[in-house]
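The chain contents come next:
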Amino acid sequence: MTPPSQTESKLAQFKTILEGHKTMLVVMQDNPDPDSIAAAVALRKLANTLANTQCSIAHGGTVGRGENRALVRYLGLNLRQIDQLDMKQFELFAIVDTQPGTGNNSMPVEIEPDIVIDHHICRKMTRHCRFTDVRNKYGATATILYEYLTEAGVQIDVPLATALLYAIRSDTQDLGRDSTKADMEAFSQLYQLANKRVLSEIQRGKVSRDYYQMMADALKNAQVFANAIVTNLGQIENPDMIAEVADILLRDDQTNWVMVTGYFKHKMIVSLRTYEENVRADKIIHGIVARKGTGGGHPSYAGGQIPLKDNTKRTKDRLEKTVLSRFLKQVVKDSVPKQPLIQK
Ligand SMILES: [Mn+2]
């Protein structure tokens, strides 16, 4: 765990970067999850309070999951599509819950962000940036931002506390997955400030009718290989569905590995989940996307994306075969026959 003094010195450094700058663009993951959203909102609040810096929050993809859309509505956010913004209007650039070159954000390659705050493994490109705070032991980027806000004495209002609490809950699955003492501390402080009724409404938010069709297809296509379940969602409108299906399948009591794939905007998206203690999903994902795409994540959950050469069935079939065999080679040691998860 990072001692509080680190946050203290980082905060001082952060202030110097902001000084005299009126505008900042905060970039999130393309398909932002609650942690991305909460971290961006917290960073905006911090920059605004400390230096009167005005922030816009942007991303590349869509906010797909019903819960995440409900969170954005509750916070009253006006999220911007990054390709529709003129980069010249911003003096500073920040990126949260992701890093330059990871493949899951749309920060233009020619822009080196001034500020990187994240909890994934620190990447080479990140080390060049002026300000970086990457704590890969932390369960959520929201926890890091919570420490900054507290250290700076910034008052955390109810919506922000609710968003930060939701971020920690969802990234750590209620502190059960890849979390540390720092996350627990933030969790318990935020719990007192957050609106629990709104939080529960967000979590049980409405979904569109397609959700059930996608869920049905995901289950029908699911195959079991010993201790692993694999499924493909095909072409999807909502990329968050991939992670959602992966979480649901990992609940199967005979499974400790899940891989879900699907296609969104000329890319194959891959989501990995595991219950195994001594294996790292973020390492396995690198083996799966090697030389074809990018990936990253945490010990028990990870994701990747592979750009498609073309949209033909042949290309997709080949890629699916490669991805499946790379996955099985790493997690299911012996070759096993596949079985459908459910009867059709
Ligand atoms: Mn996160």
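Residues numbered from 1 in each chain as written. Predicted model: local features only at pLDDT ≥ 70, side-chain atom pairs only at ≥ 80, totals over all residues. Heavy atoms only, no water.

Undergrad: Quick question: what am I supposed to make of the overall build of the protein chain here?
TA: The number of helices and strands found in the protein chain is 12 helices and 13 strands. Against the 2.2 N^0.38 benchmark of 20 Å for 344 residues, the protein chain shows a C-alpha radius of gyration of 20 Å, consistent with a compact globule. Counting across all 344 residues of the protein chain, residues that qualify as buried make up 53%. Taking all contacts inside the protein chain whose residues are at least 6 apart in sequence as the whole, residues at least 24 apart take part in 66%. Accessible surface for the protein chain amounts to roughly 16300 Å². Of this, 49% is attributable to carbon and sulfur atoms. Computing the positive centroid from 44 side-chain charges and the negative centroid from 39, the protein chain places the two 5 Å apart. (Helix = DSSP H or I, 4+ residues; strand = E, 2+ residues; numbered from the N terminus. Rg over C-alpha atoms; globule rule 2.2 N^0.38 Å. Buried < 20%, exposed > 50% of the residue type's maximum accessible area, 1.4 Å probe, protein only. Contact = heavy atoms within 4.5 Å. Areas by Shrake-Rupley, 256 points an atom, 1.4 Å probe, with all protein chains shown as cover. Lys, Arg positive; Asp, Glu negative; His and termini not counted. Charge placed at Lys NZ, Arg CZ, Asp CG, Glu CD.)

Undergrad: Looking at this structure, I do not really get the sheet that holds strand β7 (residues 223-225). What am I missing?
TA: Two pairing modes exist for strands in a sheet, parallel and antiparallel, and in both the strands are linked by backbone hydrogen bonds. Spatially, 7 strands are ordered β11-β12-β10-β9-β8-β7-β13 in an open sheet, and the strand pairing comes out mixed. Across the chains shown, the open sheet's two edge strands, defined by having one partner strand only, are β11 (294-297) and β13 (339-340). Strand direction decides the pairing type here: β7 and strand β8 (residues 228-235), joined by 3 bridges, are antiparallel. Within β8, the position partnered with Gln223 by the bridge is Val230. The strands that helix α12 (residues 313-331) touches are β7, β8, β9 (257-264), β10 (267-274) and β12 (301-307); relative to β9, the one it contacts most, it runs at about 160°. (Pairing = 2+ DSSP bridges. Axes fitted to C-alpha atoms, helices over the stretch in contact; angles between N-to-C directions.)

Undergrad: It is not clear to me how helix α3 (residues 66-75) should be interpreted in this structure. Could you clarify?
TA: It helps to recall that an α-helix has 3.6 residues per turn; residues three or four apart then point in one direction. Most of α3 is tucked away, with 7 of its 10 residues classed as buried. Within α3 the residues assigned to the buried category are Gly66, Glu67, Asn68, Ala70, Leu71, Val72 and Leu75. Elements that come into contact with the buried residues of α3 comprise α2 (34-51), α6 (158-171), α8 (196-203) and α10 (240-249). Of the residues flanking the end of α3, it is Gly76, one or two places downstream, whose phi is positive at about 65°.

Undergrad: Which parts of the structure should I look at to understand the layout of surface pockets?
TA: A water-sized probe, rolled over the atoms, reveals where empty space remains. Volume-wise, the second largest pocket comes out at about 280 Å³. If you trace the second largest pocket, you find 15 residues lining it, with Val230, Thr231, Asn232, Glu320 and Leu324 closest to the centre. Those elements that provide at least two residues to the lining of the second largest pocket are β7, β8, β9 and α12. For the lining of the second largest pocket, the element with the highest residue contribution is α12, accounting for 4 residues. (1 Å grid on protein atoms, 1.4 Å probe; cavity = no way out; pocket = protein on both sides within 12 Å on 5 of 7 lines; lining within 4 Å. Points joined across faces, edges and corners; volume = space filled by probe spheres on them.)

Undergrad: Just to check I follow, could you spell out the packing of α3 against α6 for this structure?
TA: For any two helices packed against each other, one specifies the crossing angle of their axes together with the interaxial distance. Viewed as axis vectors pointing N to C, α3 and α6 meet at an angle of 160°, and their least axial separation amounts to 10 Å. Classed by the angle they form, the pair α3 and α6 counts as roughly antiparallel. Note that α3 runs across α6; the crossing there is left-handed. Each of Glu67, Asn68, Leu71, Tyr74 and Leu75 in α3 lies in contact with α6, whose residues at this interface are Val158, Pro159, Thr162, Ala163 and Tyr166. When grouped by side-chain class, the residues that make up the contact of α3 with α6 number 7 nonpolar, 2 polar and 1 charged. (Parallel < 35°, antiparallel > 145°, perpendicular 65-115°, else oblique. Left-handed = near helix turned anticlockwise from the far one by under 90°. Nonpolar A, V, L, I, M, F, W, Y, C, P; charged D, E, K, R; others polar.)

Undergrad: Can you walk me through the state of the cysteines in this structure?
TA: Simply put, the disulfide is a covalent bond whose two ends are the sulfur atoms of two cysteines. Under the counting rule described, the total for this entry stands at 0 disulfides. Unpaired in terms of disulfides, Cys122 finds its nearest cysteine sulfur in Cys129, a separation of 8.8 Å. Residue Cys122 is classed as partly exposed on the basis of its relative accessible area, which comes to 23%. (Disulfide = S-S within 2.5 Å.)

Undergrad: Please clarify how the packing of aromatic side chains should be interpreted in this entry.
TA: Aromatic ring pairs are described here by two measures, namely the spacing of the ring centres and the angle between the planes. Across all of its chains, the model carries 6 aromatic pairs by this definition. A centroid spacing of 6.3 Å and a plane angle of 15° characterise the contact between Phe187 and Tyr191, whose relative ring orientation is stacked. Taken together, the positions of Phe187 and Tyr191, both in helix α7 (residues 181-193) and 4 residues apart, correspond to about one turn of that helix. The class of Tyr191 is partly exposed, set by a relative accessible area of 39%. Ring pairing ties together the aromatic residues Phe14, Phe131 and Tyr148, which thus form one cluster. The ring of Tyr301 has Arg177 sitting right over it, with the charged end atom 3.5 Å from the ring centre. The lysine or arginine in question, Lys196, covers the ring of Tyr191, its NZ or CZ lying 4.6 Å from the ring centre. (Phe/Tyr/Trp six-rings, centres within 6.5 Å; stacked < 30°, edge-to-face > 60°. Lys NZ or Arg CZ within 6 Å of the ring centre and 35° of its normal.)

Undergrad: What am I meant to see in the pattern of salt bridges here?
TA: Where side chains of opposite charge bring their charged atoms close, a pairing between them can arise. Inspection of the entire model under this criterion finds 12 salt bridges. A network of salt bridges, in which partner residues are shared, links Arg65, Glu67 and Glu244. (Salt bridge = Lys/Arg side-chain N within 4 Å of Asp/Glu carboxyl O.)

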